[in-house]
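# Overview (structure and organization)
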Amino acid sequence: MKFTWKLREKLIATFLGLSIVPLVIAIVILGHQAKNFLQAQSQDYLVAKVDGFAMMVQTRYDAISGSIDIIKEQLSKQLKEDIVKQAAKEKYYKTGYMVIFQTDGICLYHPKPEFIGTMKAYQTFPFVKDVIANAKAGKRTYSYTFMGDKKLGALAYHQGLDIVLWASASQKEVLSGVNTLNIIMYVFLFLVAGIVIVVGFITAQRIAHNVKAISDSMRDLAEGEGDLRARLPILTSDEVGDLANWFNRFMENLEGVISKVKQASTQVNTASQEVAAG
């Protein structure tokens, strides 16, 4: 059995298509753009933080660079210890942190104590090698996954101390604001969709009802005895009402024409009878 859409279904579908679909597209695009923007801003934030830390390290390093070698070696060792203490105070977002590696893979600082002073992280996680190589090559950012959590990273390499400074933050935390915004927008979308569906159904039902009333009246005219005095109901002041109004005007004109034809026919018939009677 072939399914045929009535006017009401077509109006509802059109109403939903013209109102809901653009809104959905706008929300999806807005959410995507907001996510990209916030991620880029967060990446810049981490780069700025690691640059600030690197500048502090460089300032301290410049202060000892003029010392004789034996003293410089001791001062450099002390500087690394101070840097580690300072790195432990670095916090980015909720759980973001600073990591420091020597280029040979030894970890000088990590929030997890089991990595400190060892090459365990370097040997266990392939991305650590990539981070060190990228930092030495001058790359400033690096994204990776650590223990199932996708992270954003900012890098800096200090050649004098031969260390890599690595600021890291969870992408989930970075985008938490966008995720909340997306939830709010989708709740708003569902509310608007509900309102649109109700209003669209009522509007479509009303239009379809008026059109059906006109259609039923025209069917009665077509299937009846041709009563030209019958008129269509004018239920609204819109285009549907105009349709009924002009149809009624047409029927009035037609009724007048038919009346004149009947009158002329009667006159001709009377004249014919008089001529026949002599």
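Throughout what follows, the structure given in this document is the object of discussion.

Calculation notes
For every chain, the first residue of its written sequence is number 1, and the numbers climb from 1 along that sequence. Confidence filtering applies because this is a predicted model: local features only for residues at pLDDT of at least 70, side-chain atom pairs given and counted only at 80 or more, and all residues used for totals across whole chains, interfaces and linings. Note that the side-chain values use all heavy atoms of the structure and ignore hydrogens as well as water. Each helix is a run of DSSP H or I of at least 4 residues and each strand a run of E of at least 2, with the numbering of both proceeding from the N terminus. Polar contacts, as counted here, are pairs of nitrogen or oxygen atoms within 3.5 Å of one another; within protein the pair requires one atom able to donate a hydrogen and one able to accept it, and residues that are adjacent in sequence qualify only if both atoms are side-chain atoms. Contact between two residues is taken to exist if any of their heavy atoms lie within 4.5 Å; hydrogens are not considered. Put simply, a nonpolar core is a bunch of buried Ala, Val, Leu, Ile, Met, Phe, Trp, Tyr and Cys residues held in one set by side-chain atoms that sit within 4.5 Å of each other. Accessible area is worked out with a 1.4 Å probe on protein chains only. A residue is then buried under 20% of its type maximum, exposed over 50%, and partly exposed in between. Patch members must show over 30% relative accessible area and no salt bridge, and they are joined within 9 Å when carrying like charges or within 5 Å when they are nonpolar side chains of Val, Leu, Ile, Met, Phe, Trp or Tyr. Residue burial considers only the protein chains on display, and all accessible areas are found by Shrake-Rupley using a 1.4 Å probe. Salt bridges are defined as contacts in which a side-chain nitrogen from Lys or Arg sits within 4 Å of a carboxyl oxygen from Asp or Glu. Note on pairing: two strands pair once DSSP finds at least 2 bridges between them. Orientation is described by axes fitted as lines to C-alpha atoms, over the contacting stretch for helices, and by angles from 0 to 180 degrees between their N-to-C directions. Relevant arc is that of directions from the helix axis to the C-beta atoms, nothing else. A pocket, in this scheme, is an open set of points on a 1 Å grid over the protein atoms alone with protein on both sides within 12 Å along at least 5 of 7 lines, while a cavity is a set where a 1.4 Å probe fits but cannot get out; residues line either one if an atom lies within 4 Å of a point. Grid points are joined across faces, edges and corners, and a volume is the space filled by probe spheres set on the points.

## Considerations on the side chain of Thr 103
You can see Thr 103 is positioned in the loop between strand E1 (97-102) and strand E2 (107-109). A polar contact is formed between the side chain of Thr 103 and the side chain of Asp 162, at a distance of 2.6 Å. Contact partners of Thr 103, with chain neighbours within four places excluded, come to Ile 132, Lys 136, Tyr 157, Asp 162 and Val 164.

## Some words on the nonpolar core
Counting 26 residues, the largest nonpolar core has Phe 53, Ile 83, Met 98, Ile 100 and Leu 165 as the members making the most contacts within it. Mapped by element, the contributors of at least two residues to this core are helix H1 (7-64), helix H2 (69-87), E1, E2, strand E4 (149-158) and strand E5 (163-170). With 8 residues, H1 is the largest single contributor of residues to this core. In terms of nonpolar packing, the next biggest core, distinct from the first, is built from 18 residues, Cys 107, Ala 121, Ala 135 and Tyr 144 among them.

## Describing a nonpolar patch on the surface
Side chains of Val 24, Val 28, Tyr 186 and Phe 190 sit close together on the surface and give an oily, nonpolar patch of about 360 Å² of accessible area. Of all elements in the fold, only H1 and helix H6 (176-223) reach the threshold of two or more residues within the nonpolar patch. As for its placement among the helices and strands, Phe 190 is situated in helix H6. On the basis of relative accessible area, Phe 190 is assigned to the exposed category, the value being 61%.

## Digging into the sheet that holds strand E3 (residues 141-146)
With respect to topology, 5 strands assemble into an open sheet ordered E2-E1-E5-E4-E3, the strand pairing being antiparallel. With partners counted over all chains shown, the strands left at the sheet margins are E2 and E3, one partner each. Mean inter-strand twist for the sheet, computed between neighbouring axes without regard to direction, equals 30 degrees. Inspection of the sheet shows E4 paired to E5 by 8 bridges, in the antiparallel sense. By the bridge assignment for E5, Leu 155 is matched with Trp 166. Each of E1, E3, E4 and E5 is contacted by helix H4 (residues 126-136), which is oriented at about 175 degrees to E3, the strand it contacts most.

## Describing H4
Among the residues making up H4, those that are buried are Phe 127, Val 128, Val 131, Ile 132 and Ala 135. Viewed end-on, H4 has its buried residues packed into an arc of 145 degrees, placing them on one side of the element. The secondary structure elements touched by the buried residues of H4 are E1, helix H3 (120-124), E3, E4 and E5. Gly 138 sits one or two residues past H4 and shows a positive phi near 95 degrees.

## Focus: empty space enclosed by the protein
Throughout the structure, instances matching the rule amount to 1 cavity of 30 Å³ or more. Taken as a whole, the largest cavity holds about 80 Å³ of empty space. Lining the largest cavity, in full, are Tyr 97, Val 99, Phe 101, His 110, Phe 115, Ala 121, Phe 125, Phe 127, Val 128, Tyr 144, Phe 146 and Trp 166. When contributions to the lining of the largest cavity are tallied by element, the ones reaching two or more residues are E1, H4 and E3.

## Things to note about unusual backbone geometry
A positive phi angle is found at Tyr 93, which is not glycine, with a value near 60 degrees. Tracing the backbone shows Tyr 93 in the loop between H2 and E1. Of note, Asp 162 is a non-glycine position whose phi angle comes to about 55 degrees, a positive value. Following the sequence through the fold, Asp 162 ends up in the loop between E4 and E5. For Asp 162, a relative accessible area of 30% translates into the label partly exposed.

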